[in-house]
Amino acid sequence: MTPFSRLASAFSTLEATSSRTAMVATLSALLKSLDEDEVQSAVYLVQGRLGPQFDAPQFGFSEKLTTRALAEWSGRPVAEIERLYRTHGDHGLVAEKALRVEKTGRAAPLSTVEVYEALRALAEASGSGSVQGKINALVSLLRRATPEEAKYILRIPVGRMRLGVGDATIMDALAISRGDKTLRPVIERAYNLCSDLGLVARTLYSAGPKALAAFKVEVGRPVKMQFAERVKDIADIVRRMGKCAVEPKYDGFRCQVHKDGTGVRIFSRNQEDNTAMFPDIVRAVATQVKASRAILEGEALAYDAQTDTFFPFQVTVQRKRTHGIAEAEAAYPLRLNVFDLLYADRTDMTCEPYQKRRARIRTLLKAGAGLAPAPALVSGDADEITRYFETQIADGLEGIVAKRLDSPYEAGKRSFNWIKFKRAYHGALKDTLDLAIVGYFAGRGARAKLGIGAVLCAVYDAKSDRFRTLAKVASGQSDDAWIALRTRLEKHAVSHRPARVDSRIEPPYWVEPTLVVEVFADEITRSPVHTAGVGTDDEPTGFALRFPRIVRGVREDRQPEDATTEREVARLFGLQRRARSKA
DNA sequence: GTCGGCTCCACCC
DNA sequence: TTCCGACTTATTCGG
DNA sequence: CCGAATAAGTCGGAAGGGTGGAGCCGAC
């Protein structure tokens, strides 16, 4: 039985180490000292989890509740804990450095398995009163912990171990703890096939590397997905791969579908089990897949049969729910665009070349509404691929994914055997001609994220009848000032209102964007600006594109059109980005 | 006692 | 999803 | 030919927008 203090001590060492090889050495020494029946829980704890993605309870417990637990543990007010958290940036450090609550009396030392079991029980609690129950459970665990132990016990529920140790490092350490680095490929392969590093560790320790080598693709167990690398231009794709298969890049949910006789399970890209969310896909698999056992992969999107087009992600994402599934299904049926096959009948297809897998998909699927093989263009010609790409963009898709014709399915890998190429956003803005811009502001009841007094500038997309946020400007005003602004805005209110908006943002008034701009010119130019929606860091910001006059107002000497990304806009115009972290 | 709003959490891209 | 920094590993270059 | 300098690749962490769900709490 290994005391948890040994883990905590090793974690401290790991945290202070930057060299990966040194981390591997520390971690392998720790693992080596563990018993067969401890290594599984220990590996999960190093990962900061309680089990594999597809089979671990969620804590439902993070920053806020941890703060409350710390307050109860230390007997200090919540406000003080919050202050300490802001200065230390980490609940674990607050416990270890600032509070240093000593364990009570002769409390028995915590064992590794004990900590794991306690956290697991905590996570599994649910129902009325469970929030306080979780806090109590955590506090009683902390009362038995040394400050160093407390540091890591707290970090697990908030999901930030901050050890600098990822799966790959754990795998290296496992290899060295039971042999040498040559075991790494066996371990990695087993992990990629079963998605459960704790199971891999236990198997290695109890049955040895041969048992790991015998792992195979198993229907019902999620296989780690293959992902695509990104390139800057299409010529790069041809340069790297030559002749390749080019598929549309759909913006929906990546799904790995396991069919086992009459049973069907659907896993997300993180091996979460989403079967219950997508009954339409389950039915389609049952009727359309001509094999009793199979593992398929594809992208699920809400599909509009009337126009034969796919809905944007914002619509598809509404299918991600656990209640009202039937209604959502009726409103937005899904189609799974199948682009890979990992297993069929009794055959592991992952080692077969891409073209063979694709050919088998065509013979495997019956025609039907729910499942369709994703189209693919085979070409080595950059011009032809560019035209294909433009066709996809015109159809409202995200871009393309090119795949090497002879490559196997590389579970858990991101390599240049798959290459994605996405559009730049201004193309989409230009192409979506029926965009109308509106402005609106969020009044009382807006989400806390925005805060009362946020101004949002949004693009109204008539096609999907939804808004995309372009920019939001925190007013940062006192209440009186805000009421005055609101009064000014009310004068310009117009009646137009979209049918579908975020239910949590119910702006009382809709106004023309130009009026928002006029009314709020001062506030907008002086406030921190954060663009959104079109505003991921590397995409041209809608704010600069749509409201150049405002940006000019900030710095007359700069040309906002020159700035193509949010980051650049922020730099050019001296705008602050939103606070970097909660710390 | 029910219901709706709110906060916090987890996960999709 | 994207970006970025710290490190490691592979490759090139100069004495 | 060898070692240093440089380039390329790996890995982990941090951040953004937006959605639904669970539990809590106060109003009625």
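Residues numbered from 1 in each chain as written. Chains lettered and ligands numbered in written order. Predicted model: local features only at pLDDT ≥ 70, side-chain atom pairs only at ≥ 80, totals over all residues. Heavy atoms only, no water.

## Section: the overall build of chain A
Our working definition: The helix and strand labels rest on DSSP assignments: H or I over at least four residues marks a helix, E over at least two residues marks a strand, and numbering proceeds from the N terminus. Each residue gets one of three labels from its accessible area relative to the maximum for its type: buried under 20%, exposed over 50%, partly exposed in between, using a 1.4 Å probe on protein chains only. We call two residues in contact when some of their heavy atoms are within 4.5 Å. Using a 1.4 Å probe, the Shrake-Rupley method yields the accessible areas, and only the shown protein chains count as cover for residues.
Summing up its helical and strand segments, chain A has 26 helices and 18 strands in all. For chain A, with 583 residues in total, the buried portion stands at 51%. Long-range contacts, defined here as pairs at least 24 residues apart, represent 70% of the contacts in chain A between residues at least 6 apart. Total accessible area computed for chain A in this model is approximately 26,700 Å², and 50% of it derives from carbon and sulfur atoms.

## Let's talk about the layout of surface pockets
The following threshold applies: A cavity here means a set of 1 Å grid points, computed over protein atoms only, where a 1.4 Å probe fits but cannot escape. A pocket is an open set with protein on both sides within 12 Å along at least 5 of 7 lines, and lining residues have an atom within 4 Å of a point. Grid points are joined across faces, edges and corners, and a volume is the space filled by probe spheres set on the points.
The calculated volume of the second largest pocket comes to roughly 700 Å³. Lining the second largest pocket are 30 residues, with Lys249, Gly252, Arg254, Arg269 and Glu299 positioned closest to its centre. Those elements that place two or more of their residues in the lining of the second largest pocket are strand 1 (227-230), strand 2 (244-249), strand 3 (253-260), strand 11 (399-404) and strand 12 (414-422). The greatest single-element share of the lining of the second largest pocket, amounting to four residues, is contributed by strand 12.

## Brief notes about the packing of helix 7 (residues 112-124) against helix 8 (residues 130-143)
The criterion, for reference: Orientation is described by lines fitted to C-alpha atoms, with helices fitted over the stretch in contact, and by angles between N-to-C directions that extend from 0 to 180 degrees. In this scheme, roughly parallel covers angles under 35 degrees and roughly antiparallel covers those over 145, while 65 to 115 is roughly perpendicular and the rest are oblique. Here the nonpolar group is Ala, Val, Leu, Ile, Met, Phe, Trp, Tyr, Cys and Pro; Asp, Glu, Lys and Arg are the charged ones; every other residue, Gly included, is treated as polar.
It is at 9 Å that the axes of helix 7 and helix 8 come closest, and there the two elements cross at 170°. On the basis of the axis angle, helix 7 is roughly antiparallel to helix 8. The residues of helix 8 that touch helix 7, namely those facing Ala118, Leu119, Leu122 and Ala123, are Lys134, Ala137, Leu138 and Leu141. Split by residue class, the contact of helix 7 with helix 8 holds seven nonpolar, no polar and one charged.

## Notes on helix 11 (residues 184-194)
Most of helix 11 sits out of view: eight of its 11 residues are buried. Within helix 11, the full set of buried residues consists of Arg184, Ile187, Glu188, Ala190, Tyr191, Asn192, Leu193 and Cys194. On the buried face of helix 11, the contacting elements are helix 3 (36-47), helix 10 (167-177), helix 12 (197-207) and helix 13 (209-213). Just beyond helix 11, the residue with positive phi is serine 195, at close to 60°.

## Some details on the packing of helix 10 against helix 12
Relative placement of two packed helices is described by the angle separating their axes and the distance separating the axes. With their axes 11 Å apart at the nearest point, helix 10 and helix 12 run at an angle of 5° to one another. Taken together, the axis directions place helix 10 and helix 12 in an arrangement best described as roughly parallel. Touching Asp167, Ile170, Met171, Leu174 and Ser177 of helix 10 are Leu197, Ala201, Leu204 and Tyr205, all from helix 12.

## Some thoughts on the sheet that holds strand 12
Rules: By this definition, two strands are paired if DSSP reports at least two bridges between them.
In spatial order, the strands read 1-12-11-2-10; together these five strands make up an open sheet with mixed pairing. Two strands close off the open sheet at either side, each with one partner strand: strand 1 and strand 10 (377-379). Looking at each pair of strands side by side, their axes are set apart by 40° on average, direction ignored. The pairing of strand 2 with strand 10 spans three bridges and is antiparallel.

## Things to note about unusual backbone geometry
In the Ramachandran plot, glutamine 271 falls in the positive-phi region, its phi being about 65° despite a non-glycine side chain. Mapped onto the fold, glutamine 271 is located in the loop between strand 4 (263-267) and helix 15 (279-288). Looking at glutamine 271, the relative accessible area reads 5%, which means it is buried. Of note in the backbone geometry, aspartate 345 takes a positive phi value of approximately 55° without being a glycine. As for its position among the elements, aspartate 345 is in the loop between strand 7 (334-344) and strand 8 (347-348). Exposure remark for aspartate 345: the relative accessible area of 31% places this residue in the partly exposed category.

## Quick notes on the environment of aspartate 383
One can find aspartate 383 in helix 19 (residues 382-394). Judged by its relative accessible area of 52%, aspartate 383 is exposed. Each C-alpha atom, one on aspartate 383 and one on arginine 404, is 18 Å from the other, the two residues being 21 residues apart in sequence.

## Some thoughts on the domain arrangement of chain A
Inclusion rule: Where each domain begins and ends follows an automated or database-derived domain assignment.
Domain boundaries assigned for chain A yield domain 1 (49-158), domain 2 (227-421) and domain 3 (433-582). If you average the C-alpha positions of domain 1 and of domain 2, the two centres end up 41 Å apart.

## With respect to the pattern of salt bridges
As a reminder, the rule being used: Any carboxyl oxygen of Asp or Glu that lies within 4 Å of a side-chain nitrogen of Lys or Arg is treated as forming a salt bridge with it.
Under the criterion given, the structure shown has 22 salt bridges. Close ionic contact of arginine 184 with aspartate 172 constitutes a salt bridge, the shortest N to O distance being 2.8 Å. With arginine 184 in helix 11 and aspartate 172 in helix 10, this residue pair connects regions lying 12 residues apart in the sequence. Measuring nitrogen to oxygen at the nearest pair gives 4.0 Å for the salt bridge that ties glutamate 188 to lysine 413. Residue glutamate 188 is located in helix 11, and its partner lysine 413 is located in the loop between strand 11 and strand 12; the two are separated by 225 residues in the primary sequence. Look at the salt bridges and you will find they share partners, linking Asp172, Arg184, Glu188 and Lys413 into a network.

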